[in-house]
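# Breakdown of the fold
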Amino acid sequence: MAGNGDFSFSQRNPVANGLRKIQTSANKKPNEICHDDSTTPVKAQTLDELHSLQKKRSAPTTPLQGSQGPFQQLSEEERQKQQLQSISASLASLTRETGPKVVRGDPSKKVEASKPKLPVEIPSAVPSATVATVSDSALKSTHVLYNLSQAELYEQAIKYEHGSFITSTGALATLSGAKTGRSPRDKRVVKDETTEKELWWGKGSPNIEMDEHTFLVNRERAVDYLNSLDKVYVNDQFLNWDPEHRIKVRIVSARAYHSLFMHNMCIRPTPEELENFGTPDFTIYNAGQFPCNRYTHYMTSSTSIDLNLRRREMVILGTQYAGEMKKGLFSVMHYLMPKKGVLSLHSGCNMGKKGDVSLFFGLSGTGKTTLSTDPNRYLIGDDEHCWSDNGIANIEGGCYAKCVDLSPEKEPDIWNAIKFGTILENVVFDMHTREVDYSEKSITENTRASYPIEFIPNAKIPCVGPHPKNVILLACDAFGVLPPVSKLTLAQTMYHFISGYTALVAGTEEGIKEPRATFSACFGAAFLMLHPAKYAAMLAEMMEKHGATGWLVNTGWSGGSYGVGARMKLKYTRTIIDAINNGSLLNANYTDTPVFGLHIPDAVEGVPSEILHPQNTWSDKKAYEETLQKLAGLFRKNFKKFEGYKIGDNTKLTEDILAAGPQ
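Residues numbered from 1 in each chain as written. Predicted model: local features only at pLDDT ≥ 70, side-chain atom pairs only at ≥ 80, totals over all residues. Heavy atoms only, no water.

## Here we look at the packing of aromatic side chains
Applied cut-off: Pairing of aromatic rings covers Phe, Tyr and Trp, the last through its six-membered ring, and needs centres within 6.5 Å; plane angles under 30 degrees mean stacked, over 60 mean edge-to-face, and all others mean tilted. Only DSSP runs of H or I with at least four residues qualify as helices, and only runs of E with at least two residues qualify as strands; both kinds are numbered from the N terminus onward. Accessibility here uses a 1.4 Å probe with only protein chains present; expressed as a share of the type maximum, an area under 20% marks a residue as buried, one over 50% as exposed, and anything in between as partly exposed. Think of it as a cone above the ring: NZ of Lys or CZ of Arg counts as a charge over the ring if it is within 6 Å of the ring centre and within 35 degrees of the ring normal.
A complete count under the given rule lists 18 aromatic pairs for this structure. When the centroid spacing of 4.3 Å and the interplanar angle of 40° are considered together, the rings of tyrosine 154 and phenylalanine 420 count as tilted. Linking tyrosine 154 in helix α4 (residues 150-160) with phenylalanine 420 in the loop between α11 (412-417) and β21 (423-425), this pair joins segments that are 266 residues apart in sequence. Assessed through its relative accessible area of 4%, tyrosine 154 is described here as buried. Overall, the relative accessible area of 41% leaves phenylalanine 420 in the partly exposed class. On the numbers, 6.3 Å between centres and 20° between planes, the contact of tyrosine 495 with phenylalanine 635 is stacked. On the criterion of sequence distance, the pair formed by tyrosine 495 in helix α12 (residues 490-499) and phenylalanine 635 in helix α16 (residues 621-639) is long-range, its members being 140 residues apart. Taken together, Tyr495, Tyr501, Phe519, Phe596, Phe635, Phe639 and Phe642 form an aromatic cluster joined through their ring pairs. Looking at arginine 246, its charged tip hangs above the ring of phenylalanine 238, at a distance of 3.7 Å from the centre. Between the NZ or CZ atom of arginine 448 and the centre of the ring of tyrosine 400, over which it lies, the distance is 4.9 Å.

This is how it looks when you write it as structure tokens:
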């Protein structure tokens, strides 16, 4: 068969099995061997060399400006040496002058001879003449895995951490060990001459004291454990999107899971910011796989989460739950920011297309995440913020969302954010398909997803905005006596902000269903460092200065208490929030209620008028009055512990706030 093709089947010389030989016809010279010469051969002599060609070293994409900072005008080797010196200093034992030998890179990987002499090794602090004082840990090098990417941390977790799997959507499923939530009773704060005067201590306070010596004992235990490992993970990152008030944090941990969690939750530095990171403002030593000594003073279990504000350090022992790092740093911000005149807030925050910002406060189950994540508004953040003279700023670089019973219908943004780079904590999945069953609670009900905030499509990057115009306090009132929406005076806003009310629904026992009131000062008492009155005074000042309006929104029950009435429809709550955001509720006519003295709008477009006044929805008016008085009594009882504190610079605000409660 002749033609212009590249090959033909020869009719002659068939092979033994009857198949014809294939002969090339185009550009073929006699006796020439046919081969593919379309690409050049690989420039590698061994498999190791070939593998080394897969990876290239990244560099800052923007030129370094000026000559400020400790790492400017240095070679790459000198920069890395100074970074490792800083990390070595962070890992220094109190019994040695400087830190251990640290080497950059994974100890399980080979270092190619053809590469530059990296990583750089920092020499031990122990002089050769004092051999008698050398410990085993001083004789070894600790490998540092520094600011690894999500992909690198996936590889580390899958290879070295039992219980790590990639789910069907690309998220990393992992386990937090025996602890699947925070351990507030094991959290300690060093009480010294300064913190004794500044922090909130005593009844109602989350701050449980420890002394400096005990902290140092636990710090030594954590550092020695980390130094005993072949490798540690080090994250250098930021908190607070406002450049003027951001702080530098360093997290030293033993697990890729913890490193990826903080990579997601803190603000990720650009390459040039990382090159010039320098000394951190605060350091976390996460040795959660190693227990504290229960015989140590102030210890009540094998778990201890310790804050030392003078040393700017946090130590974690005996718990691998990653949320301890997130909330520990939030407590630190609750101390550092107010000292700079910046108000730290446990809130969600979003912004309309016209630049109107709303803050959302609420305890678990009130709908804070759902209502602040609005597809028609930009998300600034879902949990932690700072309000300064520059405006509002998110503290974090990520979101930490609950996953129990998650569905694309209820939470589409969170559902779609669970992809490569996201951590799924303590979820259950199909062993073959790796599809997650979010309704499964066999490990814990507190299943969580941690992901960078940019995984939310309408996230505002950078996560900053102008001064808020609305401060929305959310309450899930299972007693069913608070109105769906109330406009608050400044004093009422402070009263309900300090109270931090919601109601939890108890389980059913022999057919009896009873709601239980819960109060958490400033809607986040577990993380407060100063007295709630100080945060309230700052909030009042900021609201008054920038013309913000306070609102109380009940996302709980209507028509009766839990078991009799029904949960407020989400579409009505969303309509109310829309009316707050667009300003239409400011012009509504209002009626004052008895007992709580709340101001209720007579009408909200899109919401049935009869549900705006709770008493209209109760068939048993006597039961309504009794329940209203019961809740008022619970408010008054809770607020007694705050009555002895002056709020602000004058007594008038304190008197106004006390008068703003239920009468």
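What follows continues from the structure just given.
## Let's talk about the sheet that holds strand β6 (residues 172-174)
Let me state the cut-off plainly: We treat two strands as partners when DSSP finds at least two bridges between them.
Taken in spatial order, the five strands line up as β5-β6-β21-β24-β20 in an open sheet, and their pairing is mixed. Two strands in the sheet have a free side with no partner beyond their single neighbour: β5 (165-166) and β20 (398-402). With two bridges connecting them, β5 and β6 associate as antiparallel partners. Residue pairing in the sheet places phenylalanine 165 in a bridge with alanine 173 of β6.

## Details of helix α6 (residues 212-228)
Rule in force here: Expected span of a helix, by definition, is 1.5 Å for each gap between consecutive residues, and there is one gap fewer than residues.
Its 17 residues give α6 an end-to-end C-alpha distance of 24 Å, which sits within 8% of 24 Å, the value for a rise of 1.5 Å per residue. Restricting attention to buried positions, one finds in α6 the residues Thr214, Phe215, Asn218, Arg219, Glu220, Ala222, Val223, Tyr225, Leu226 and Asn227.

## Notes on the pairing of strand β24 (residues 448-452)
Taking burial as the measure, the five residues of β24 include five buried ones, the bulk of the element. As paired strands, β20 and β24 are joined by five bridges and run antiparallel to one another. Note on β24: the bridge partner recorded for lysine 402 is arginine 448. Across three bridges, the pairing between β21 and β24 is antiparallel. Bridge pairing in β24 places leucine 424 opposite alanine 449.

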